[in-house]
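# Examining the three-dimensional arrangement
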Amino acid sequence: MTSVDKLWYTRCPVPTASGLAHNQGWLAEEFRLAGLDIGILQDAGPELAERHFDHRLLGLFREGGNVPALAARSAGAPTRLIGLTWIEEWQSILVRADSGITDAAGLAGARVALPAWAETRAKSFPRAMALHGFKGALSQAGLTLDAVTFVEVAAQARPSVGRDAGARAFSWPGIAELARGEVDAVYAKGARAAEQAAEIGAVVAVDLDAHPDPRTRVNNGTPRPITVHARLLDERPDLVTGFLAQTLRAADWARGDLGRVREILSAETRSGADAVATAYRGDFHHSLHPDLSAERLGLLRVQKDFLLVHGFLDADVDLDAWVAPEPLALARERLEAPTAVPEAGAVSGGAGLRGETAGAVA
């Protein structure tokens, strides 16, 4: 038995099957059978919640942005990669309605918002997101980052993690500067950014989700890694397999209940129904399943290489050594067994995804 006496789960305020499994009470049910409680890191105090960024907590399961996950691994955090998800979530380049910028080519010569460095590389994910977002947009017109002028803007000093997160107002970096005319364009993603864009009358100049090549929108959440402490995997692989089995179960459930999924996301992101519908379009709820396909690992490699070149990693990350494919394979086998788990929906009334986690969490 591992020395862990409690499990923890941390996630970002975005669509995740593991978040839905938590909401349904299925994670708690899974680990209760193993004699363990699972806590939500976002409900903990700030000191413990910091582990969202460095993953130095033995019992932690993390589904979140790849910038902190890769930064932690590059700094020596003993983690393993057990799954990758890819959710399209409204990545856009925003401009003022009167800017005259209507496409990627129009960004040439523009002043674009670049969030400032934070106290650590992992917490500097807003800066990484903006850089890669503009790189993807400019590439559609055959341009590079040299075609624009970066204007440094303030980013949240303390990203929204922990039980006090709901008390802090969140503004997408660069939105205020765009409204004041101090920058010409801002990279934005997700429901809260969509809502704030509407509030200031900003319009979309480049819809990154519309481009057929997914490499143009590789970023912090695309793909999104699921990671676990290596020691927990070594000592209690059954717990890791159970987590993934419930995650896959929730992904199956989500395919048949878009309305409920959107209700959960509205609470999770502290956004209205219109913003959620804007940010999460089409059949996104059909593709919440994690995998470790060569395609997704290749897209993660694109992100890793970008982060390394631009100074967001302490050192290179060996993705092949990071990956642990066995738990996901075992979880799939478990679900395919005739008596693997109860039918989806058999457990209800689980703890909801609390609104206080919304914000710039990666």
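Below you will find a few notes about this structure. Because the structure is predicted, anything quoted here is derived from the model rather than measured. Counting starts from 1 at the beginning of each chain's written sequence and moves along it residue by residue. Per-residue local features of the predicted model are confined to residues with pLDDT of at least 70, and side-chain atom pairs are confined, for both listing and counting, to 80 or more; whole-chain, interface and lining totals are unaffected and use all residues. Remark: hydrogens and water are excluded; side-chain values derive from all non-hydrogen atoms of the structure.

### Side note on the sheet that holds strand β5 (residues 91-95)
With antiparallel pairing, three strands are arranged side by side in an open sheet as β8-β5-β9. Because the sheet does not close on itself, it has two edges, and the strands there are β8 (186-189) and β9 (203-207). With direction set aside, neighbouring strand axes in the sheet form an average angle of 40 degrees. Sheet topology note: the β5/β9 ladder contains four bridges and is antiparallel. Paired with Leu-94 across the two strands is Val-204, which belongs to β9. At least two bridges found by DSSP between two strands are what make those strands a pair. Helix and strand assignments come from DSSP, with helices taken as H or I runs of at least 4 residues and strands as E runs of at least 2, each series counted from the N terminus. The convention used is that axes are lines fitted to C-alpha atoms, helices contributing only their stretch in contact, and that angles between N-to-C directions extend from 0 to 180 degrees.

### Overview of unusual backbone geometry
Looking along the chain, the bond that leaves Thr-222 and enters Pro-223 is cis, with omega of 0 degrees. Tracing the backbone through its elements, the reader meets Pro-223 in the loop between β9 and β10 (224-229). The residue His-55 is not glycine, and still its phi comes out positive at about 55 degrees. Within the secondary structure, His-55 sits in the loop between α4 (51-54) and β3 (60-63). Accessible area is worked out with a 1.4 Å probe on protein chains only. A residue is then buried under 20% of its type maximum, exposed over 50%, and partly exposed in between. The exposure class of His-55 is buried, given its relative accessible area of 2%.

### Description of the layout of surface pockets
Its boundaries defined by the atoms lining it, the largest pocket holds a volume of some 210 Å³. Cavity and pocket criteria rest on a 1 Å grid covering protein atoms alone: a 1.4 Å probe that fits but cannot get out defines a cavity, protein on both sides within 12 Å along at least 5 of 7 lines defines an open pocket, and an atom within 4 Å of a point defines a lining residue. Every residue lining the largest pocket is counted, 17 residues in all, and those nearest its centre are Phe-53, Asp-54, Ala-72, Ala-75 and Ala-122. Elements with a contribution of two residues or more to the lining of the largest pocket: α4 and α5 (66-74). Under the scheme applied, nonpolar residues are Ala, Val, Leu, Ile, Met, Phe, Trp, Tyr, Cys and Pro; charged residues are Asp, Glu, Lys and Arg; polar residues are all the others, including Gly. Of the residues contributing to the lining of the largest pocket, the split by class is eight nonpolar, two polar and seven charged. Grid points are joined across faces, edges and corners, and a volume is the space filled by probe spheres set on the points.

### A look at the sheet that holds strand β2 (residues 38-40)
Strand order in this open sheet of five strands is β2-β1-β3-β10-β4, and the pairing throughout is mixed. Where the open sheet ends on each side, the last strands, each with one partner, are β2 and β4 (79-85). This sheet shows a mean twist of 20 degrees between the axes of neighbouring strands, independent of strand direction.

### Quick notes on the side chain of Thr-16
Among the structural elements, Thr-16 can be located in the loop between β1 (7-11) and α1 (17-23). Exposure remark for Thr-16: the relative accessible area of 4% places this residue in the buried category. Only heavy atoms enter the contact rule, under which two residues are in contact if any of them lie within 4.5 Å. When sequence neighbours within four positions are dropped, the list of residues in contact with Thr-16 reads Tyr-9, Glu-63 and Arg-224.

### Some details on the packing of aromatic side chains
Centre-to-centre distance and the angle between the planes together describe a pair of aromatic rings. Each aromatic pair joins two rings of Phe, Tyr and Trp (for Trp, the six-membered one) with centres within 6.5 Å, and gets the label stacked for planes under 30 degrees apart, edge-to-face for over 60, and tilted for any other angle. One pass over the structure, following the stated rule, counts seven aromatic pairs. Between the aromatic rings of Tyr-9 and Phe-243, the centroid separation amounts to 5.9 Å while the plane-to-plane angle is 50 degrees, which identifies the pairing as tilted. Here Phe-243 lies in helix α10 (residues 237-254) and Tyr-9 lies in strand β1, a separation of 234 residues in the sequence. In this arrangement the basic side chain of Arg-249 is found over the ring face of Trp-26, its NZ or CZ atom lying 3.8 Å from the centre. Whether a charge lies above a ring is judged from NZ of Lys or CZ of Arg, which has to be within 6 Å of the ring centre and within 35 degrees of the ring normal.

### Considering helix α8 (residues 190-200)
For an α-helix the count is 3.6 residues per turn, leaving residues at separations of three or four pointing the same way. Among the residues of α8, those classed as buried are Gly-190, Ala-191, Arg-192, Ala-193, Ala-194, Gln-196 and Ala-197. With its phi angle positive at about 75 degrees, Gly-201 sits one or two positions after the end of α8.

### Some remarks on the pairing of β5
In terms of residue burial, β5 counts as a mostly covered element, since five of its five residues are buried. Side chains Gln-91, Ile-93 and Val-95 of β5 all project onto a buried face; the interleaved residues Ser-92 and Leu-94 project onto the opposite face, where all are buried too.

### Describing the side chain of Thr-247
By secondary structure assignment, the location of Thr-247 is in helix α10. What makes Thr-247 buried here is its relative accessible area of 1%. Ignoring anything within four residues of it in the chain, the contact list for Thr-247 reads Ala-17, Ser-18, Ala-21 and Pro-290.

### Focus on the nonpolar core
In this text, buried Ala, Val, Leu, Ile, Met, Phe, Trp, Tyr and Cys residues form a nonpolar core when linked through side-chain atoms within 4.5 Å. Ranked by internal contacts, the top residues of the largest apolar core, which has 101 residues, are Leu-7, Phe-31, Phe-61 and Leu-107. Looking at this core element by element, the count peaks at 10 residues for α10. In this structure Phe-31 touches Leu-7, Leu-36, Ile-38, Phe-61, Leu-239 and Phe-243, once residues within four positions along its chain are discounted. Among the nonpolar cores identified, the runner-up in size contains five residues, and Trp-8, Leu-41, Ala-44 and Leu-57 belong to it.

### A short note on the pattern of salt bridges
Salt bridges are counted wherever a side-chain nitrogen of Lys or Arg sits within 4 Å of a carboxyl oxygen of Asp or Glu. Tallied over the full model, the rule gives 26 salt bridges. The partner of Arg-217 in a salt bridge is Glu-88, with the nearest N and O atoms 2.9 Å apart. With Arg-217 in the loop between β9 and β10 and Glu-88 in the loop between β4 and β5, this pair connects stretches of sequence that are 129 residues apart. Assessed through its relative accessible area of 7%, Arg-217 is described here as buried. A salt bridge links Asp-184 to Arg-111; the shortest N-O distance between them is 2.8 Å. One end of the pair, Asp-184, is in the loop between α7 (175-179) and β8; the other, Arg-111, is in strand β6 (residues 111-115), and 73 residues separate them in sequence.

### Some remarks on helix α6 (residues 125-139)
Take the residue count of a helix, subtract one, and multiply by 1.5 Å to get its expected span. Counted at 1.5 Å a residue, the expected span for α6 with its 15 residues is 21 Å, and the 21 Å between its end C-alpha atoms agrees. Counting buried residues in α6 gives 13 out of 15 residues, a clear majority hidden from the surface.

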